[in-house]
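# Coordinates in review
Spelled out, the chains give:
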Amino acid sequence: EEVFNGVALFSALGKVYISNGTLNKVLVFDFVTKKILKYVPTGKFADAIFYDDFSHKVITCNGMSKNMTVIDPAGDTVVATIQLSGWPETAVSDGKGNIYVNNAEKAEMDVIDATTFKITHQWPNKPGTGATGLAIDRETMRLFATCDNKRIIVMDATNGNVVTSFPIGE
């Protein structure tokens, strides 16, 4: 059974990328014809997926293998695997060469260089635990990380300092 977890659009090539955690693959299809173009292998349990407008790559967060798969949309091939210390919940890009990953297991923000696909920083997101959702305000360079302990963490994306945190609901 196929269970789809996330969607990334690459409008320049007219492609849609859908992560499939049960098959450990990304389904690529043509946006106009709806024809399946390819299945790209990922790590175990491909979950969150996004298009990084800096590197022009599609990237999946693979929870069970604790890594990320970097896909080049030009040929729909895997060009890198980023190994993490814990499971990645979701990720965002600042559009300037940094990818921020909510590392749910370690309660930290992992920062990835979008050119080398190597970890450059690992910042704690205390007092948050079990990071889940993540958004970025590129103008203010603030990260907004929701956490399992019903808190949201606001972090400075330039240095990892927690600016504030406050309670949120379920």
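Structure's up top.
All values derive from a computational prediction rather than experimental measurement. (Residues numbered from 1 in each chain as written. Predicted model: local features only at pLDDT ≥ 70, side-chain atom pairs only at ≥ 80, totals over all residues. Heavy atoms only, no water.)

Now for unusual backbone geometry. Backbone geometry follows two general trends: most residues other than glycine have a negative phi, and most peptide bonds adopt the trans configuration. The residue after lysine 126, namely proline 127, is reached through a cis peptide bond having omega 10 degrees. Among the secondary structure elements, proline 127 is positioned in the loop between strand E12 (119-124) and strand E13 (131-137). In this structure, histidine 56 is a non-glycine residue whose phi angle is positive, near 60 degrees. For histidine 56, the position within the fold is in the loop between strand E5 (46-52) and strand E6 (57-62). (Helix = DSSP H or I, 4+ residues; strand = E, 2+ residues; numbered from the N terminus.)

Below, the discussion takes up the pairing of strand E9 (residues 88-93). Here E9 lies mainly inside the structure; five of its six residues are buried. Note: E9 against strand E10 (residues 98-103), five bridges, orientation antiparallel. Considered in E10, the bridge of proline 88 is made with asparagine 103. Linkage of E9 to E10, two consecutive antiparallel strands, is achieved through a turn of four residues, within which glycine 95 is found at a positive phi near 75 degrees. (Buried < 20%, exposed > 50% of the residue type's maximum accessible area, 1.4 Å probe, protein only. Pairing = 2+ DSSP bridges.)

Here we take up the sheet that holds strand E7 (residues 67-72). Read across the sheet, four strands follow the order E5-E6-E7-E8 without closing on themselves; strand pairing throughout is antiparallel. Two strands in the sheet have a free side with no partner beyond their single neighbour: E5 and strand E8 (77-83). If you compare each strand with its neighbour and ignore which way they point, the axes differ by 20 degrees on average. When E7 meets E8, the two strands line up antiparallel, connected through six bridges. When the bridges of E8 are listed, isoleucine 71 appears paired with valine 78. (Axes fitted to C-alpha atoms, helices over the stretch in contact; angles between N-to-C directions.)

As enumerated under the stated definition, the model contains zero aromatic pairs in all. The side chain of lysine 25 reaches across the aromatic face of tyrosine 39, ending 5.5 Å from its centre. (Phe/Tyr/Trp six-rings, centres within 6.5 Å; stacked < 30°, edge-to-face > 60°. Lys NZ or Arg CZ within 6 Å of the ring centre and 35° of its normal.)

In this section: a nonpolar patch on the surface. Judged by side-chain polarity, Leu23, Ile36 and Tyr39 come together as a nonpolar surface patch covering roughly 240 Å² of accessible area. By secondary structure assignment, the location of isoleucine 36 is in strand E4 (residues 36-41). By relative accessible area, isoleucine 36 is classed as partly exposed at 46%. (Patch = residues over 30% accessible without salt bridge, like charges linked within 9 Å, V, L, I, M, F, W, Y side chains within 5 Å. Areas by Shrake-Rupley, 256 points an atom, 1.4 Å probe, with all protein chains shown as cover. Salt bridge = Lys/Arg side-chain N within 4 Å of Asp/Glu carboxyl O.)

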